[in-house]
Amino acid sequence: MIRDIVIYPDKRLRKVSKDITEFDEKLHTLLNDMYETMIAKEGIGLAAIQIGIEKNILLINLADEDGKQEKEDLLEAINPKITHLEGNETYQEGCLSVPGYYEDVQRAQNITVEYFDRYGTKIVRNLEGLLAIAMQHEIDHLKGHLFIEKLSYLKRKKFEKEWKKRLKAGK
Ligand code: Y12
Ligand code: CO
């Protein structure tokens with residue numbers, strides 16, 4: 001089922017998500033709904049809080065070298081935790097909860113992340129490139145943070161002014 005995306009400045013996006021304890025059918029249905037929603041909205045990453053569910057679940061599905069977003073490349077991460085961060089990288093980020101706004105954000109270049117898959121198996125991975133960026137972006141959602149919080153003071157002020165204008169115009 002395709003769910004509605006929670007849009008900034010909805011307060012739910014500031015909630016700290018909770019760990020999953022049961023790796024059951026209900027979790028699998030939620031993961032399937034998140035995937036359907038992410039694809040329908042043309043996203044490459046989605047955290048459960050973006051559909052209003054305060055649970056530590058995220059999905060990332062980047063396009064391959066041919067530009068195709070294949071389901072076999074889908075990464076489902078439950079209760080993810082970053083255990084190591086290294087280097088610096090700037091990337092122009094976007095977010096389904098802040099549609100139409102893209103800005104450069106600085107994050108770690110390489111990370112080590114631990115998480116569980118949908119069956120409760122623990123996974124440890126070293127990530128780099130866009131996958132490392134996307135993982136940090138989505139884990140921030142689980143902690144109640146958005147990429148716009150990483151903007152400079154002036155860029156954030158400009159963003160807020162434009163966003164208010166947009167909301168007032170009903171766009
Ligand atoms: C690098 C940086 C950030 C991420 C997080 C995942 N971000 C997204 O999936 C953003 C998707 C997005 C899609 C939109 O819809 C369309 O383009 C049709 C969109 O809407 C507009 O631009 C109007 C905004 C964001 C991963 C990797
Ligand atoms: Co986002």
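Values in this document were obtained by computation on a predicted structure and should not be read as measured data.

1. What to know about the overall build of the chain
Line of reasoning, step 1. What the chain contains, in helices and strands, is three helices and seven strands.
Line of reasoning, step 2. Going from the N terminus to the C terminus, the chain shows its helices and strands as α-β-β-β-β-β-β-β-α-α.
Line of reasoning, step 3. For 171 residues, the compact-globule estimate of 2.2 N^0.38 gives 16 Å, and the C-alpha radius of gyration of the chain, at 16 Å, lies within 12% of that figure.
Line of reasoning, step 4. By principal-axis analysis of the C-alpha atoms, the chain measures approximately 45 × 35 × 35 Å.
Line of reasoning, step 5. Looking at the chain as a whole, 43% of its 171 residues are labelled buried.
Line of reasoning, step 6. Long-range contacts, defined as pairs at least 24 residues apart, comprise 64% of the intrachain contacts of the chain with a sequence gap of at least 6.

2. Remarks on a nonpolar patch on the surface
Line of reasoning, step 1. The grouping of Ile44, Tyr91 and Leu130 at the surface amounts to a nonpolar patch, some 250 Å² of accessible area in total.
Line of reasoning, step 2. Looking at where Tyr91 falls in the secondary structure, it is placed in strand E4 (residues 89-93).
Line of reasoning, step 3. Among the residues examined, Tyr91 registers a relative accessible area of 38% and is labelled partly exposed.

3. A closer look at the coordination of the cobalt ion (ligand 2)
Line of reasoning, step 1. Around the cobalt ion (ligand 2), the protein contributes the donor atoms Cys95 (SG), His137 (NE2) and His141 (NE2), which lie 2.1 to 2.2 Å from the metal centre.
Line of reasoning, step 2. All donors to the cobalt ion (ligand 2) come from one chain, and their sequence spacing reads C-x41-H-x3-H. Highlighted residues: Cys95 in the loop between E4 and strand E5 (103-107) and His141 in helix H2 (residues 129-142), separated in sequence by 46 residues. Across this residue pair, the class does not change: Cys95 and His141 are buried.

4. Digging into the environment of Cys95
Line of reasoning, step 1. Judged by its relative accessible area of 9%, Cys95 is buried.
Line of reasoning, step 2. With 21 residues separating them in the primary sequence, Cys95 and Phe116 have C-alpha atoms 24 Å apart.
Line of reasoning, step 3. Dropping the residues within four chain positions of it, Cys95 is found in contact with Gln50, His137, His141 and Phe147.

5. Describing a positive patch on the surface
Line of reasoning, step 1. Taken together, the side chains of Lys157, Lys161, Lys165 and Lys171 make up a positively charged region of the molecular surface.
Line of reasoning, step 2. On the secondary structure map, Lys165 appears in helix H3 (residues 153-168).
Line of reasoning, step 3. Relative accessible area serves as the criterion here: at 65%, Lys165 is assigned to the exposed category.

6. Describing the site of ligand 1
Line of reasoning, step 1. Around ligand 1 there are 18 residues in total, and Ile44, Gly94, Gly100, Tyr102 and Glu138 lie nearest to it.
Line of reasoning, step 2. One of the backbone N or O atoms of Ile44 is found 2.7 Å from an oxygen atom in ligand 1.
Line of reasoning, step 3. One of the backbone N or O atoms of Gly94 is found 3.1 Å from a nitrogen atom in ligand 1.
Line of reasoning, step 4. In isolation ligand 1 exposes 620 Å². Once the protein is present, 76% of that is buried.
Line of reasoning, step 5. Secondary structure elements with two or more residues in the shell around ligand 1: E4 and H2.
Line of reasoning, step 6. For the shell around ligand 1, the class distribution of residues is nine nonpolar, five polar and four charged.

Cut-offs used in this document
Residues numbered from 1 in each chain as written. Chains lettered and ligands numbered in written order. Predicted model: local features only at pLDDT ≥ 70, side-chain atom pairs only at ≥ 80, totals over all residues. Heavy atoms only, no water. Helix = DSSP H or I, 4+ residues; strand = E, 2+ residues; numbered from the N terminus. Rg over C-alpha atoms; globule rule 2.2 N^0.38 Å. Buried < 20%, exposed > 50% of the residue type's maximum accessible area, 1.4 Å probe, protein only. Contact = heavy atoms within 4.5 Å. Patch = residues over 30% accessible without salt bridge, like charges linked within 9 Å, V, L, I, M, F, W, Y side chains within 5 Å. Areas by Shrake-Rupley, 256 points an atom, 1.4 Å probe, with all protein chains shown as cover. Salt bridge = Lys/Arg side-chain N within 4 Å of Asp/Glu carboxyl O. Donors = N, O, S within 2.8 Å, 3.2 Å for Na, K, Ca; no water. Lys, Arg positive; Asp, Glu negative; His and termini not counted. Charge placed at Lys NZ, Arg CZ, Asp CG, Glu CD. Near = heavy atom within 4 Å. Polar contact = N/O pair within 3.5 Å; in protein donor to acceptor, adjacent residues only side chain to side chain. Nonpolar A, V, L, I, M, F, W, Y, C, P; charged D, E, K, R; others polar.

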